[in-house]
Number of protein chains: 2
Amino acid sequence: MTKEPDRLPARKLKSLQTRMKLLAAGSDIFIKEGFQKATISQIIKKAETGYGTAYVHFKNKDDILIVLMDDVMNRFYDIAEFSFEPNTKVEAYGIIEKQVSAFLEMANEERKILKVVEEAIGVSEEVRKKWQTIRERFIERISRDVAFAQKNGLARRDVDCTLVARGWFYANEMYLWDIVRNDRDLLVNDVVHNLTAMYTGGLYIQ
Amino acid sequence: MTKEPDRLPARKLKSLQTRMKLLAAGSDIFIKEGFQKATISQIIKKAETGYGTAYVHFKNKDDILIVLMDDVMNRFYDIAEFSFEPNTKVEAYGIIEKQVSAFLEMANEERKILKVVEEAIGVSEEVRKKWQTIRERFIERISRDVAFAQKNGLARRDVDCTLVARGWFYANEMYLWDIVRNDRDLLVNDVVHNLTAMYTGGLYIQ
DNA sequence: AGAGTCAATGACACCATGTCATTGACAATG
DNA sequence: CATTGTCAATGACATGGTGTCATTGACTCT
């Protein structure tokens, strides 16, 4: 590679700063007001820009949140990619517990932004689609893990791996939102243990 | 009881008819347009009433849908009240399968209105609360069933009955919305079998 | 017949959105 | 340096939905 001039477009830089100010303000306003109550006017006021400026940088309110979601999204992707190659039931239990734990701990850590995201999923088609890709990524991955366990004789074969994966993820996801909301004061560890125990062993004896 | 005059308030009757026209129109418009896109103007136009009339009978758009939800809600309550007194694991499996089946079949039958409800849950605080009461009713009931099975030595005792109930209902609920949306072409019977099998027996062998 | 009640009405004030013509600072060119 | 081009920024505006309220007029009661 030859020397890239590394141009310093003074105007482009100012533009980037404006964009950042809008994102920072968006984050504050979304967290304070919630997704629906937040308005473009509030955001541009906090960012100290003109009204139209928001529309120069973003398509609309949804678009601002989608950009803000990006970090969290990537953390989810990382968790989805946990490797899974157990040789025993106990080993499987351990891996699964670790993954569930990571998933739900994130609910705690990113509670503020996820609260907004949850609301936005219900309101904005765009945000819903974005979340849907996360969900399908998890389910597809879990599906493969179940199939792996079935092939190795660890798991029963009279169930469909994609249906199992979906149901399992759904329970996890709903607990995620529960923790984000923090209505009930759930202890993450209890949830993790119960979910994992039920998933691997079922409720009934024998 | 003495003879009630059974007054026929001619004006009250007219009023009731207006209310019914609004509800019928509301149902049509909600189903055709979805909850967010539907407007009061569309509804009153279809009902052939004045704009303000809608606000005489209902607090707002949410309120109209909540009244429309009522039938479906009652059917949900009925399903939640299924009796549960199994003596064996096989018997328990049968009862649970029947309840899940009734729950998910309703998704098919009431698909149109439930599609609107799902959207409205995301948008309207009021509707969300209404659905929340359904959910808690199910969870509370399932909780008792789990405790019953634990007391009778049918179910393992190292799990918390309310956490189990919640996770179990969450998986069911998400499949309900899946079926309502009808994205994937799911066979209800397959879903029922997989859910019930996993719940009662777990994924792993032994 | 007259007074009272109440369902119905639509004009109105309010508010948020997204667009667009205009501005002015900076960049590129000769 | 002067001239022309580009592009981020701006806010006034058109649009469209909401909920309110003063007014109307049909019905009820005495």
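In this text, all values refer to a predicted model and were calculated from it rather than measured experimentally.

Engineer: Talk me through the overall build of chain A; I want residue IDs and the actual numbers.
Structural biologist: Per the secondary structure count, chain A includes nine helices and zero strands. Overall, chain A shows an N-to-C arrangement of helices and strands of α-α-α-α-α-α-α-α-α. Its C-alpha atoms give chain A a radius of gyration of 21 Å, clearly above 17 Å, the size a compact globule of 206 residues would have. Expressed as lengths along the three principal axes of its C-alpha atoms, the size of chain A is roughly 70 × 55 × 25 Å. Across the 206 residues that make up chain A, the buried fraction comes to 49%. Look at the contacts in chain A between residues 6 or more apart in sequence, and 71% of them connect residues 24 or more apart. Total accessible area computed for chain A in this model is approximately 10900 Å², and 52% of it derives from carbon and sulfur atoms.

Engineer: I'd love a proper account of the protein's contact with DNA strand D, names of residues and values included.
Structural biologist: Around DNA strand D, 19 residues are found, and the nearest of them are Thr18(A), Gly50(A), Thr53(A), His57(A) and Tyr55(B). Within 4 Å of the protein, the contacting atoms of DNA strand D are 56% sugar and phosphate, with bases supplying the remainder. Taking Tyr51(B), its side chain carries an N or O atom lying 3.2 Å from a base nitrogen of DNA strand D. For the surface near DNA strand D, the elements supplying multiple residues, two or more each, are α1 (10–33) and α3 (51–57) of chain A together with α1 (10–33) and α3 (51–57) of chain B. Counted by class, the surface near DNA strand D contains six nonpolar, nine polar and four charged residues.

Engineer: Describe the relation of the copies chain A and chain B, naming the residues involved and giving the relevant values.
Structural biologist: Rotating chain A by 180° about the axis while translating it 0.0 Å along that axis superimposes it on chain B, leaving an RMSD of 0.1 Å. Both copies of the chain, as the preceding transformation shows, are related through a two-fold rotation axis. Counting the interface residues of chain A, we find that 100% of their copies in chain B are interface residues as well, pointing to one common contact surface.

Engineer: Explain the pattern of salt bridges to me, using residue names and the numbers behind them.
Structural biologist: Two side chains of opposite charge can pair, provided their charged atoms sit close to one another. Following the criterion strictly, the structure yields 40 salt bridges over all chains and no others. For the salt bridge of Arg135(A) with Glu173(A), the shortest nitrogen-to-oxygen distance reads 2.8 Å. You can see Arg135(A) sitting in helix α7 (residues 125–151) and its partner Glu173(A) sitting in helix α8 (residues 161–181), a full 38 residues away along the chain. One salt bridge connects Glu110(B) with Arg75(B), and the closest N-O pair in it is separated by 2.8 Å. Placement of the pair is Glu110(B) in the loop between α5 (89–109) and α6 (111–123) and Arg75(B) in helix α4 (residues 61–80), with a sequence separation of 35 residues. Each member of the salt-bridge network shares a partner with another, and the members are Glu118(A), Asp178(A), Arg181(A), Asp183(A), Arg184(A), Glu136(B) and Arg166(B).

Engineer: Would you mind going over the nonpolar core in detail, with residue names and values included?
Structural biologist: One finds Leu65(A), Phe76(A), Leu104(A), Leu65(B), Phe76(B) and Leu104(B) to be the most contacted residues of the largest nonpolar core, which totals 146 residues. Among all residues touching Leu65(A), those that are not within four sequence positions of it are Phe30(A), Phe35(A), Ile113(A), Val116(A), Val117(A), Ala120(A) and Val127(A).

Engineer: Can you break down the domain arrangement of chain A residue by residue, with the values?
Structural biologist: Residue and element names in this part refer to chain A. Each assigned domain of chain A is listed with its residue range as follows: domain 1 (10–58) and domain 2 (66–201). Of note, the centres of domain 1 and domain 2, computed from C-alpha atoms alone, are 32 Å apart. Each side of the interface is counted separately: domain 1 has ten residues, and domain 2 has eight residues. Summed over both partners, the interface of domain 1 with domain 2 comes to about 810 Å²; 82% of that surface belongs to carbon and sulfur atoms. At the boundary of domain 1 with domain 2, the tally comes to zero salt bridges. Put simply, domain 1 and domain 2 have two residue pairs in polar contact (both at pLDDT 80 or more) between them. Among the residues making up the side of domain 1 that touches domain 2, the classes are represented as five nonpolar, four polar and one charged.

Engineer: Before we move on, can you summarise the packing of α8(A) against helix α9 (residues 188–201) of chain A with the specific residues and values?
Structural biologist: Residues and elements named next belong to chain A. At a closest axis distance of 12 Å, the pairing of α8 and α9 adopts a crossing angle of 170°. Our classification of the angle between α8 and α9 gives roughly antiparallel. Between α8 and α9, the contacting residues are Val164, Trp168, Ala171, Asn172, Tyr175 and Ile179 on the first element and Val188, Val191, Leu195, Thr196 and Tyr199 on the second. A breakdown of the residues in the contact of α8 with α9 according to their chemical character gives nine nonpolar, two polar and no charged.

Engineer: Tell me about the UniProt feature "domain: HTH tetR-type" (unreviewed entry) in chain A, and please be specific about residues and values.
Structural biologist: Listed under "domain: HTH tetR-type" (unreviewed entry) in the UniProt record, and renumbered for this structure, are residues 16–76 of chain A. The span residues 16–76 of chain A is 80% helix and 0% strand, and its two end C-alpha atoms sit 27 Å from each other.

Engineer: Any chance you could break down the protein's contact with DNA strand C for me, citing the residues and the numbers?
Structural biologist: What surrounds DNA strand C is a group of 20 residues, the closest being Tyr55(A), Thr18(B), Gly50(B), Thr53(B) and His57(B). Atoms of DNA strand C within 4 Å of the protein belong to the sugar or the phosphate in 59% of instances, the rest to bases. Between DNA strand C and Thr18(B), the relevant distance is 2.3 Å, taken from a phosphate oxygen to a side-chain nitrogen or oxygen of the residue. In the model, a phosphate oxygen of DNA strand C is placed 2.5 Å from a nitrogen or oxygen of the Thr53(B) side chain. Secondary-structure elements contributing two or more residues to the surface near DNA strand C are α1 and α3 of chain A together with α1 and α3 of chain B. Broken down by class, the residue content of the surface near DNA strand C amounts to six nonpolar, nine polar and five charged.

Engineer: Now, about the UniProt feature "DNA-binding region" (unreviewed entry) in chain A: what can you tell me, with residues and values included?
Structural biologist: The sites that UniProt annotates as "DNA-binding region" (unreviewed entry) are residues 39–58 of chain A. In residues 39–58 of chain A, helix accounts for 75% and strand for 0%; the two terminal C-alpha atoms are 14 Å from one another.

Thresholds, definitions, all that
- Residues numbered from 1 in each chain as written.
- Chains lettered and ligands numbered in written order.
- Predicted model: local features only at pLDDT ≥ 70, side-chain atom pairs only at ≥ 80, totals over all residues.
- Heavy atoms only, no water.
- Helix = DSSP H or I, 4+ residues; strand = E, 2+ residues; numbered from the N terminus.
- Rg over C-alpha atoms; globule rule 2.2 N^0.38 Å.
- Buried < 20%, exposed > 50% of the residue type's maximum accessible area, 1.4 Å probe, protein only.
- Contact = heavy atoms within 4.5 Å.
- Areas by Shrake-Rupley, 256 points an atom, 1.4 Å probe, with all protein chains shown as cover.
- Near = heavy atom within 4 Å.
- Polar contact = N/O pair within 3.5 Å; in protein donor to acceptor, adjacent residues only side chain to side chain.
- Nonpolar A, V, L, I, M, F, W, Y, C, P; charged D, E, K, R; others polar.
- Least-squares fit on C-alpha atoms with pLDDT ≥ 70 in both.
- Salt bridge = Lys/Arg side-chain N within 4 Å of Asp/Glu carboxyl O.
- Core = buried A, V, L, I, M, F, W, Y, C linked by side-chain atoms within 4.5 Å.
- Domains from an automatic or database assignment.
- Buried area = accessible area lost by both parts, 1.4 Å probe.
- Axes fitted to C-alpha atoms, helices over the stretch in contact; angles between N-to-C directions.
- Parallel < 35°, antiparallel > 145°, perpendicular 65-115°, else oblique.
- UniProt positions renumbered as here; feature names shortened; annotations may be inferred.

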